[in-house]
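Structural overview for review
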Protein chains: 2
Amino acid sequence: MAQYPEPLEALIRELGRLPGIGRKTAERLAFYILKQDEESAEQLAGAIAAAKTRIRECRICYNYSEDEVCPLCADPGRDRATICVVSQPQELWKIERTNEYHGLYHVLGGLISPVEGVAPEDLHIAALEERLKSGEVKEVILALDPKVEGEATAMFLVRRIRPLGIRVTRIALGIPLGRDLELADELTLSQALRGRSEL
Amino acid sequence: MAQYPEPLEALIRELGRLPGIGRKTAERLAFYILKQDEESAEQLAGAIAAAKTRIRECRICYNYSEDEVCPLCADPGRDRATICVVSQPQELWKIERTNEYHGLYHVLGGLISPVEGVAPEDLHIAALEERLKSGEVKEVILALDPKVEGEATAMFLVRRIRPLGIRVTRIALGIPLGRDLELADELTLSQALRGRSEL
C-alpha cells in the first residue's frame, strides 16, 4: 500500500485546490497540520470558516467588510467626489497602503472577459452607475490591469460614465520605479512617452 | 485605513503559520478562499478538522492511521522479520512508493537533537525496543536523514539494538541518480567510495 489514510488524502486534495499549491506542497502542509497540536488545526479551520461567515461585501462599494457598509464608505473623512474603480478587493488595499488616495472605491468583482465568459452584467457595474446618479461624484479613476480584459472593461466604463458628465481618468501606465529602461517592453515605453509630465 | 477586516486578518495570520507560506502568499490564499463559494471553504475547513480528529498514530509503528493498528502493521503479507526505522510518517510513504521494501516500519516521531531539546525519551524508541523483544525481528534498517541529528539517532539506536543480537543496517549513502559527480560534496563522495559494491 502506498496510499494515505482517506482523511489525510482528502486534506491533501483540498489544500491542493488552493492557487499555487501543487501536490507536493499540499502534502507538506498536510503533514505539518497533522503534526501540530489539535488547537492549531482548530484555529486554522475556524479562521477559514469565520472568514467566510463573518466577511461579506460592502453594500455600497463591494469591498470585503464585517459590516453592511465598510469602514471606508462609512468614513466621513473620505473625499466623496472621487471613486476609484478596481477589479478585486486586494487591489483596493494595495492602493490604500500608498496613502496617496483619500476618495471612495468601487470593486467590480472581476473584469469583462469574453474568453472566460464574464459579461458586464456579471460585474458590479450597475451598482456603480447607481452611485454616480447622486451627482456627488466628479471623477472616476480606473485602476484596472493594463491587459486585454482591463482595457475592455475600461472602454466599457468610459462609454457608460462619460455621458453622465463625470470625468473618467485612469492610473498612469509607465516604467516601474527601479526598473531598467532597457528591460521595459516597447508598448509600456510608448505609453510612458505619451504620458510624460513636465519637470 | 489600510487594515483588513479582523476575520480576514485572522485567516491571513493562520495561513501564514504554515511552513513555506509567507505573508504575501497567505494574503493571496485568503483572498482566494473568500472568493470561492461557501461550500469550497467548508470543505477545506472540514478536511482540516477531519484529518485531525480521524487520524491517529498506529499503536504499533506510530504511522498515521485511521485505525488503532495501521494497514501496514495489520497486513499479514508483510515481512515481519524486518523493521525500517524512519523519523516521520511522510518518509515511510516515500519508501513505500519505491515498492522495494516489504517489511514493517517504525516511526520515531523526530530525531535526537540536543540543540532543539529532543531527547531519546521524546521519541518512540522505548516502543521500538518493546517490539524487538518478541524475537521475531532479525534486522532493523535505519532510514534516517544523513545529518547531525540523524547520525546521533542512528548511533543511539545501534548501541541499544545490537546487544539484542539483531542486525542493524542503514540505507546507503552515495551519489543521487542523475547527479553530476562533479557537484557531489567530498563527504558524500567519500561515503560513496566506502560503500562501493561489486559489479
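Scroll up a little and you will see the structure.
To keep things clear, this report deals only with the structure shown in the data block.

The rules behind these values
Residues numbered from 1 in each chain as written. Chains lettered and ligands numbered in written order. Predicted model: local features only at pLDDT ≥ 70, side-chain atom pairs only at ≥ 80, totals over all residues. Heavy atoms only, no water. Pairing = 2+ DSSP bridges. Helix = DSSP H or I, 4+ residues; strand = E, 2+ residues; numbered from the N terminus. Axes fitted to C-alpha atoms, helices over the stretch in contact; angles between N-to-C directions. Contact = heavy atoms within 4.5 Å. Buried < 20%, exposed > 50% of the residue type's maximum accessible area, 1.4 Å probe, protein only. Right-handed = clockwise from strand over helix to strand, strands pointing away.

1. Topic: the sheet that holds strand β4 (residues 103–107) of chain B
All names here are of chain B. One open sheet accounts for four strands, arranged β4-β3-β5-β6; its pairing is parallel. In this open sheet, the two edge strands, each paired with only one partner strand, are β4 and β6 (167–170). In this sheet, adjacent strand axes meet at a mean angle of 25° when their direction is disregarded. With four bridges joining them, strand β5 (residues 139–142) and β6 adopt parallel strand pairing. Looking across to β6, one finds that Ile141 is bridged to Thr169. Against the sheet, helix α6 (residues 125–132) engages β3 (79–86), β4 and β5, with an angle of about 150° to β4. Seen against the sheet, helix α7 (residues 148–161) touches β3, β5 and β6 and runs at an angle of roughly 170° to β5.

2. Details of the pairing of strand β5 (residues 139–142) of chain A
All names here are of chain A. Of the two faces of β5, the one lined by Glu139 and Ile141 and the one lined by Val140 and Leu142 are each fully buried. Bridge count for strand β3 (residues 79–86) against β5 is four bridges, and the pairing is parallel. Paired with Cys84 across the strands is Ile141, a residue of β5. Viewed along the sheet, the connection from β5 through helix α7 (residues 148–161) into strand β6 (residues 167–170) turns out right-handed.

3. What to know about the sheet that holds strand β4 (residues 103–107) of chain A
All names here are of chain A. Spatially, the four strands line up as an open sheet ordered β4-β3-β5-β6, and their pairing is parallel. Single-partner strands in this sheet number two, and they are β4 and β6. Across the sheet, the mean angle from the axis of one strand to that of its neighbour is 25°, orientation sign disregarded. In the sheet, β3 pairs with β4 via five bridges, with the strands oriented parallel. Paired with Val85 across the strands is His106, a residue of β4. Running at roughly 160° to β4, helix α5 (residues 89–98) makes contact with β3 and β4 of the sheet.

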